[in-house]
Amino acid sequence: MSQQVTVTEHILLHQKMVPGATGQFTRLFNELVLSAKIIGRAVNKAGLVDILGFTGDINVQGEEVKKLDEYANRILIHRLARSGVLCAMASEENADIIEVPESLPRGEYIIVFDPLDGSSNIDVNVNIGTIFSIFKRKSDPAAALMSSDVLQKGSEQVAAGYVLYGSSTMLVFTCGDGVHGFTLDPSVGEFLLSHPNIRIPEQGKIYSVNEGYERYWDRHTKQVLAYFKSPQNALRKPYSGRYIGSLVADFHRNLLYGGIFMYPADLRDPKKPTGKLRLLCECNPMSFIVEQAGGLAIDGLNRVLDIEPDHLHQRIPFFCGSRNDVRVVQEIYESES
Ligand code: AHM
Ligand code: MG
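Residues numbered from 1 in each chain as written. Chains lettered and ligands numbered in written order. Predicted model: local features only at pLDDT ≥ 70, side-chain atom pairs only at ≥ 80, totals over all residues.

### Some words on the sheet that holds strand β1 (residues 86–91)
A sheet is described by the order of its strands in space; here eight strands give the open sequence β2-β1-β3-β4-β5-β6-β7-β8, paired in mixed fashion. Every interior strand has two partners, whereas the edge strands, β2 (98–99) and β8 (190–195), have only one. The pairing of β1 with β2 spans two bridges and is classified as antiparallel. In the strand pairing of β2, Ala88 is matched with Glu99. (Pairing = 2+ DSSP bridges. Helix = DSSP H or I, 4+ residues; strand = E, 2+ residues; numbered from the N terminus.)

In structure tokens form, the structure reads like this:
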């Protein structure tokens with residue numbers, strides 16, 4: 001432990017390099033780290049749900065016992081609002097932008113998060129995660145916040161990351177200078193640097209997609225899948241298929257082993273003709289991380305980080321991972337369009 005770098009030390013060192021840094025980002029990050037520990041503790045107890053309850057029932061004190069995803073959302077909003085450095089937040093769980101009340105100190109940062117992604121996996125003890133994306137407001141801090149402050153392109157992100165609640169709890173993030181992974185040592189309650197400067201292999205061997213929906217995909221995506229399964233592809237053998245159905249877990253595996261994650265457009269459901277995953281709280285942060293690790297992220301044709309968002313809960317088709325694999329997808333889309 002004495003030799004290990006904690007996440008707080010790492011952020012402090014990083015912030016020293018940033019000209020004009022005021023310590024605001026460090027404060028925000030500290031609150032995120034604490035929230036991750038609190039949520040991680042609750043996730044670890046999720047198997048005791050029938051005993052401890054996370055059910056929406058009323059407990060013995062007459063309080064409503066929150067479901068785990070609502071609990072995670074509440075923890076993040078409560079803690080981050082008190083960081084003193086945010087002017088607004090947006091959550092996958094809330095329809096609208098959450099402005100920090102005027103009664104609290106405010107700052108120039110904005111955070112967008114998915115408090116507990118993949119929460120349908122909780123009951124079967126499968127990995128889930130928290131995803132976050134951090135921006136700075138663009139409008140005059142003395143004036144009213146504008147929706148364009150929150151609806152910024154992914155390329156404007158200051159930092160992005162995720163917490164993976166798995167066999168260990170891990171925090172993986174980028175501040176634009178590479179991707180670093182920290183593992184929670186529960187005995188001391190600290191995230192320790194375990195994966196410095198993560199690089200995604202240029203060529204993957206894994207594709208991750210919900211193949212059950214293939215009949216509802218456009219012809220480009222069907223062609224992409226055929227490529228990954230063909231013995232005539234770059235590997236000269238079919239890729240392995242791996243799909244947990246929990247974005248953070250699927251992404252994390254591909255980041256370390258190489259591979260491509262895909263959630264294409266689904267043409268069957270008129271509610272999600274452009275895919276399921278949300279640009280602001282899911283695709284943008286993952287795209288920033290994957291690019292910083294040497295990979296790519298596109299919506300089929302365009303770089304995800306260049307997409308101008310038009311609303312808070314916008315969904316896009318999403319292809320991200322190893323550079324060579326994502327290039328194949330883009331080439332197929334370009335040749336067919
Ligand atoms: P959620 O935000 O409602 O949890 O949904 C997002 C999840 C991702 O974690 C995962 O990649 C995807 O939904 C799985 O969807 P599907 O079951 O359609 O394959
Ligand atoms: Mg989600």
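After that view of the structure, there is still more to cover.
### Some remarks on the pairing of strand β7 (residues 179–185)
Most of β7 is tucked away, with five of its seven residues classed as buried. Pairing geometry for strand β6 (residues 169–174) and β7, over five bridges, is antiparallel. The residue bridging Val172 from the neighbouring strand is Gly181, located in β7. If you look at the hairpin formed by β6 and β7, you'll find four residues sitting between the two strands, and Gly176 has a positive phi there, around 95 degrees. Pairing analysis gives five bridges linking β7 to β8, with the strands arranged antiparallel. Its bridge partner lying in β8, Asp185 is registered against Glu190. (Buried ≥ 20, exposed ≤ 12 C-beta atoms within 10 Å, placed from the backbone.)

### Quick look at the sheet that holds strand β12 (residues 296–298)
Backbone hydrogen bonds hold the strands of a sheet together, and the pairing may be parallel or antiparallel. Taken together, five strands build an open sheet; the order of strands is β10-β9-β11-β13-β12 and the sheet is mixed. The strands lining the two open edges of the sheet, one partner per strand, are β10 (240–241) and β12. As paired strands, strand β11 (residues 260–263) and strand β13 (residues 318–321) are joined by four bridges and run antiparallel to one another. Its bridge partner lying in β13, Phe261 is registered against Cys320. Relative to β12, helix α8 (residues 279–292) is tilted by about 150 degrees, and along the sheet it contacts β12 and β13. (Contact = placed C-beta atoms within 7 Å. Axes fitted to C-alpha atoms, helices over the stretch in contact; angles between N-to-C directions.)

### Looking at the pairing of strand β5 (residues 159–165)
Put simply, side chains in a regular strand alternate between the two faces of the sheet. With seven of its seven residues buried, β5 lies for the most part within the structure. Pairing of strand β4 (residues 128–136) with β5, which is carried by seven bridges, proceeds in the antiparallel orientation. Bridge pairing in β5 links Phe132 to Gly161. Relative to β6, β5 runs antiparallel, the two being bridged by six bridges. When the sheet's bridge partners are listed, Ala160 is paired in β6 with Thr174. Once β5 ends, the chain turns through three residues before running back antiparallel as β6.

### A short note on the packing of helix α1 (residues 7–17) against helix α2 (residues 24–44)
For the pair α1 and α2, interaxial distance at closest approach is 10 Å and the crossing angle is 160 degrees. Judged by the angle between their axes, α1 and α2 are roughly antiparallel. Here α1 and α2 pass one another in a crossing that is right-handed. Residue-level contacts link Val7, Thr8, Ile11, Leu12 and Gln15 of α1 to Phe25, Thr26, Phe29, Asn30 and Val33 of α2. Residues belonging to the contact of α1 with α2 are distributed by class as follows: six nonpolar, four polar and no charged. (Parallel < 35°, antiparallel > 145°, perpendicular 65-115°, else oblique. Left-handed = near helix turned anticlockwise from the far one by under 90°. Nonpolar A, V, L, I, M, F, W, Y, C, P; charged D, E, K, R; others polar.)

### Concerning the nonpolar core
In this structure, Leu86, Ile111, Leu171, Val290 and Cys320 are the most contacted members of the largest nonpolar core, which totals 90 residues. Every residue in contact with Ile111, bar those within four places of it in the chain, is listed here: Leu80, Leu86, Met89, Phe132 and Ile134. (Core = buried A, V, L, I, M, F, W, Y, C linked by C-beta atoms within 7 Å.)

### Remarks on the UniProt feature "binding site: Mg(2+) 1" (unreviewed entry) in the protein
Under the UniProt annotation, the feature "binding site: Mg(2+) 1" (unreviewed entry) is placed at Glu92, Asp114 and Leu116. The largest pairwise C-alpha distance within this set of annotated residues, which runs over 25 residues, is 9.0 Å, so the set is compact in three dimensions. For Asp114, the position within the fold is in strand β3 (residues 109–117). Residue Asp114 is classed as buried on the basis of its C-beta count, with 28 C-beta atoms lying within 10 Å. Setting aside its immediate chain neighbours within four residues, Asp114 contacts Glu92, Thr130, Ile131, Cys281 and Glu282. For Leu116, the position within the fold is in strand β3. Beyond its immediate chain neighbours, meaning those up to four positions away, Leu116 contacts Leu68, Asp69, Ala72, Ile128 and Thr130. (UniProt positions renumbered as here; feature names shortened; annotations may be inferred.)

### Side note on the site of ligand 1
In the region of ligand 1, the neighbouring residues are Glu92, Asp114, Asp117, Gly118, Ser119, Asn210, Gly245, Ser246, Leu247 and Lys276. Taken together, the residues of the shell around ligand 1 break down into one nonpolar, five polar and four charged. (Near = placed C-beta within 6 Å.)

### Notes on the UniProt feature "binding site: substrate" (unreviewed entry) in the protein
The feature "binding site: substrate" (unreviewed entry), as annotated in UniProt, sits at Asp117, Gly118, Ser119, Ser120, Asn210, Tyr243 and Lys276 in this numbering. Turning to its location among the elements, Ser119 is positioned in the loop between β3 and β4. In this view, Ser119 contacts Leu68, Asp69 and Ile128; residues no more than four positions away in its chain are not counted. Of note, Asn210 is situated in the loop between β9 (206–208) and α6 (219–229). Overall, the presence of 13 C-beta atoms within 10 Å leaves Asn210 in the partly exposed class.

### Some points on the confidence of the model for the protein
With 92% of its residues at a pLDDT of at least 70, the protein reaches an overall mean of 90. Note on the complex model: pTM 0.93, ipTM 0.96. (pLDDT = per-residue confidence, 0-100.)

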